[in-house]
Amino acid sequence: MRQLVLLVTLAVIWLFSYSHLTTIADALIAAMQLTRATPLGEAVHFFCYETPKVLLLLLGIVFVMGVIQTFFAPERTRALLAGRRLGIGNALAATLGIVTPFCSCSAIPLFIGFITAGVPLGVTFSFLIAAPMINEIALALLLSLFGWQVAALYLGLGLLVAISAGIVIGALKMEQYLQDWVRAIHYGEDAAPQQNDGLALDWTARLAAGNQHVREIVGKVWLYVVIGVGLGAAIHGYVPENVLVSFMGREVWWAVPAAILLGIPMYSNAAGIVPVVQALIAKGAALGTTLAFMMSVIALSAPELLILRKVLRWQLIVTFVGVVATGILVVGYVFNWLL
Amino acid sequence: MKAVKILGTGCRNCQTTRALVEEVAQALGVAIELEKVERMEDIMRYRIMATPGVVIDGVVVHSGGIPERRTVESWFHTAE
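What you see is a predicted model; the values in this text were computed from it and never measured.

(A) Highlighting the overall build of chain A. Within chain A one finds 17 helices and zero strands. Along the first, second and third principal axes, the C-alpha atoms of chain A reach 70 × 60 × 30 Å. Burial analysis of chain A (339 residues in total) assigns 50% to the buried set. Here the analysis covers contacts within chain A between residues at least 6 apart in sequence; of these, 84% occur between residues at least 24 apart.

Structure (structure tokens):
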């Protein structure tokens, strides 16, 4: 009961702050004796408005996601996916990838857990592509900086990339390109299967999990948000309009593949990259190109590929990168064409 | 003496979990023999699907994320 009161109070405070962001930013600007007519004033206003907005949305979405994730322990997701066929299985896997708790350091246990439980390789890949790409941080930032339409497009197209890439990888029948030790895996005597499907929790535990999720995620990324929005603010105030059109605009056909290639070796989280991306777009970069860059940075990161190298032979790694990059390429062009 | 194994490849959550387990055991005065299992092949023998995992006397008691202090304490309390 006490918890419920606290939750409602926090929700009210959240709503109140969120609906007064402009007022607060305007007041801050006025207090610093700046006006939005100057580059400095515009940059500071952008920072004072966007930072609390992004952080508030991040807090809200991460909390809700933390609660939702308690319903989808990896063990439960695996049980839902075991033995699914290509197609439906891929769609289910990609969707579950959004709501199942995942961190890249757990990619291998999860991968092996899926494969050994009879989840098809292609279905497993749909999960592994969707899980990092469509995460609550990316969605919160897109929502606050671009609006719900772009966030929804990112969600939909991200799912589409994960589903179709998984179907392609499944159809290629590449099971023999798993590392030998993975194929030979058999569970030892001390293996203790545990019943941990997350369904037995009560609401107190679920809300506590949401709270824990907020501390873990927001505690980790808030600094990136501040730095990212700071960079974005500088770009907003000082970079001239349309300066990027000539090499990042929608008419430049090679910009999308170049953005994807550039994104692979880069490793950043959505928190740092979205604010910069948003500022670039305001200066004439095309939305599709910049979002392709962002997807590539998040979904195809060199460190993650190194982790996967432990369980996949290079043939499968190359196929994985190729298929996902092609998917992102299509998404980039579609975005550029739609908007 | 309880045999505690921390399963994890060395990410930050694994290190935090290890420190937490050590701290709680010491605070409760429980003698433990701590082992870190870092080879993926060995970790996977415990059938966990997320790291870090914690094994006490051969039983998996936790997997995925940093356990809450209360939970860690309960592992050592039930043992006495």
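Here the narrative resumes, following the displayed structure.
(B) Representation of the overall build of chain B in the model. The secondary structure content of chain B amounts to three helices and four strands. From first element to last, N terminus to C terminus, chain B shows the α and β order β-α-β-α-β-β-α. Dimensions of chain B, computed from C-alpha atoms along their principal axes, come out at roughly 30 × 20 × 15 Å. Looking at chain B as a whole, 44% of its 80 residues qualify as buried. For chain B, restricting intrachain contacts to residue pairs at least 6 apart in sequence, the fraction spanning at least 24 positions comes to 68%.

(C) Structural context of the interface of chain B and chain A. Contact residues are listed per partner, giving 18 residues for chain B and 25 residues for chain A. Carbon and sulfur atoms supply 59% of the area that chain B and chain A bury against each other, a total of about 2000 Å² over both sides. At the boundary of chain B and chain A, one finds zero salt bridges. Counting every contact that joins chain B to chain A gives one residue pair in polar contact (both at pLDDT 80 or more). Contributions of two or more residues to the side of chain B that touches chain A are made by helix H1 (12-28), helix H2 (40-43) and strand E4 (59-63) of chain B. Across the side of chain B that touches chain A, the residue classes break down as nine nonpolar, five polar and four charged.

(D) Seen up close, the packing of H1(B) against helix H3 (residues 69-77) of chain B. Residues and elements named next belong to chain B. Between H1 and H3, whose axes approach to 10 Å, the crossing angle comes to 55°. Here H1 is positioned oblique relative to H3, judged by the angle of their axes. Between H1 and H3 lies a crossing of right-handed hand. Residues Leu-20, Val-21, Glu-23, Val-24, Ala-25 and Leu-28 of H1 lie in contact with H3, whose contacting residues are Arg-69, Val-72, Glu-73, Trp-75, Phe-76 and His-77. In the contact of H1 with H3, the residues fall into eight nonpolar, one polar and three charged.

(E) Representation of the sheet that holds strand E2 (residues 32-37) of chain B in the model. Residue and element names in this part refer to chain B. Taken in spatial order, the four strands make up an open sheet running E2-E1-E3-E4, and their pairing is mixed. On the outer flanks of this sheet lie E2 and E4, each paired with one strand and no other. Neighbour to neighbour, the strand axes of the sheet diverge by 20° on average, direction disregarded. Pairing analysis gives four bridges linking strand E3 (residues 53-56) to E4, with the strands arranged antiparallel. Its bridge partner being in E4, Ile-56 is matched across the sheet by Val-59.

(F) Spotlight on a nonpolar patch on the surface. The grouping of A:Met1, A:Leu4, A:Val5, A:Leu7, A:Val8 and A:Val12 at the surface amounts to a nonpolar patch, some 580 Å² of accessible area in total. Within the element layout of this structure, A:Val12 appears in helix H1 (residues 2-19).

(G) Seen up close, the environment of A:Val277. Residues and elements named next belong to chain A. Looking at the element boundaries, Val-277 is found in helix H14 (residues 270-282). Separated by 14 residues in the primary sequence, Val-277 and Leu-291 have C-alpha atoms spaced 7.7 Å apart. Residues in contact with Val-277, not counting those within four places in the same chain, are Phe-146 and Thr-290.

(H) Up close: the packing of helix H5 (residues 88-99) of chain A against helix H9 (residues 148-171) of chain A. Residue and element names in this part refer to chain A. Where H5 meets H9, the closest approach of the two axes is 9 Å, and the angle between their N-to-C directions is 135°. The angle between H5 and H9 places the two elements in the oblique class. The two elements H5 and H9 cross, and the hand of that crossing is right-handed. Contact with H5, carried on its side by Asn-90, Ala-91, Ala-94, Thr-95 and Ile-98, involves Leu-155, Leu-159, Ala-162, Ile-163, Gly-166 and Ile-167 of H9 and no other residues of that element. Counted by class, the contact of H5 with H9 contains eight nonpolar, three polar and no charged residues.

(I) Quick peek at the side chain of A:Thr77. Within the element layout of this structure, A:Thr77 appears in helix H4 (residues 74-81). Not counting residues up to four positions away in its chain, the partners in contact with A:Thr77 are A:Phe72, A:Leu96, A:Thr100, A:Phe114 and A:Phe127.

(J) Expanded view of the pairing of E2(B). Relative to E2(B), strand E1 (residues 2-7) of chain B runs parallel, the two being bridged by six bridges. Across the sheet, residue B:Val4 finds its bridge partner in E2(B), namely B:Leu34.

(K) How the structure looks around the pattern of salt bridges. Inspection of every chain in the model, using the stated rule, returns seven salt bridges over all chains. One salt bridge in this structure joins A:Arg313 and A:Asp180, with 2.9 Å as the shortest N-O distance. With A:Arg313 in the loop between helix H16 (302-308) and helix H17 (314-338) and A:Asp180 in helix H10 (residues 180-183), the pair connects residues that are 133 residues apart, well separated along the chain. When its relative accessible area of 25% is taken as the criterion, A:Arg313 is described as partly exposed. Here B:Lys2 and B:Asp57 are joined by a salt bridge, their closest N and O atoms 3.2 Å apart. Of the two residues, B:Lys2 sits in strand E1 while B:Asp57 sits in the loop between E3 and E4, which places them 55 residues apart along the sequence. Judged by its relative accessible area of 44%, B:Asp57 falls in the partly exposed class.

Quick notes on the rules
- Residues numbered from 1 in each chain as written.
- Chains lettered and ligands numbered in written order.
- Predicted model: local features only at pLDDT ≥ 70, side-chain atom pairs only at ≥ 80, totals over all residues.
- Heavy atoms only, no water.
- Helix = DSSP H or I, 4+ residues; strand = E, 2+ residues; numbered from the N terminus.
- Buried < 20%, exposed > 50% of the residue type's maximum accessible area, 1.4 Å probe, protein only.
- Contact = heavy atoms within 4.5 Å.
- Buried area = accessible area lost by both parts, 1.4 Å probe.
- Salt bridge = Lys/Arg side-chain N within 4 Å of Asp/Glu carboxyl O.
- Polar contact = N/O pair within 3.5 Å; in protein donor to acceptor, adjacent residues only side chain to side chain.
- Nonpolar A, V, L, I, M, F, W, Y, C, P; charged D, E, K, R; others polar.
- Axes fitted to C-alpha atoms, helices over the stretch in contact; angles between N-to-C directions.
- Parallel < 35°, antiparallel > 145°, perpendicular 65-115°, else oblique.
- Left-handed = near helix turned anticlockwise from the far one by under 90°.
- Pairing = 2+ DSSP bridges.
- Patch = residues over 30% accessible without salt bridge, like charges linked within 9 Å, V, L, I, M, F, W, Y side chains within 5 Å.
- Areas by Shrake-Rupley, 256 points an atom, 1.4 Å probe, with all protein chains shown as cover.

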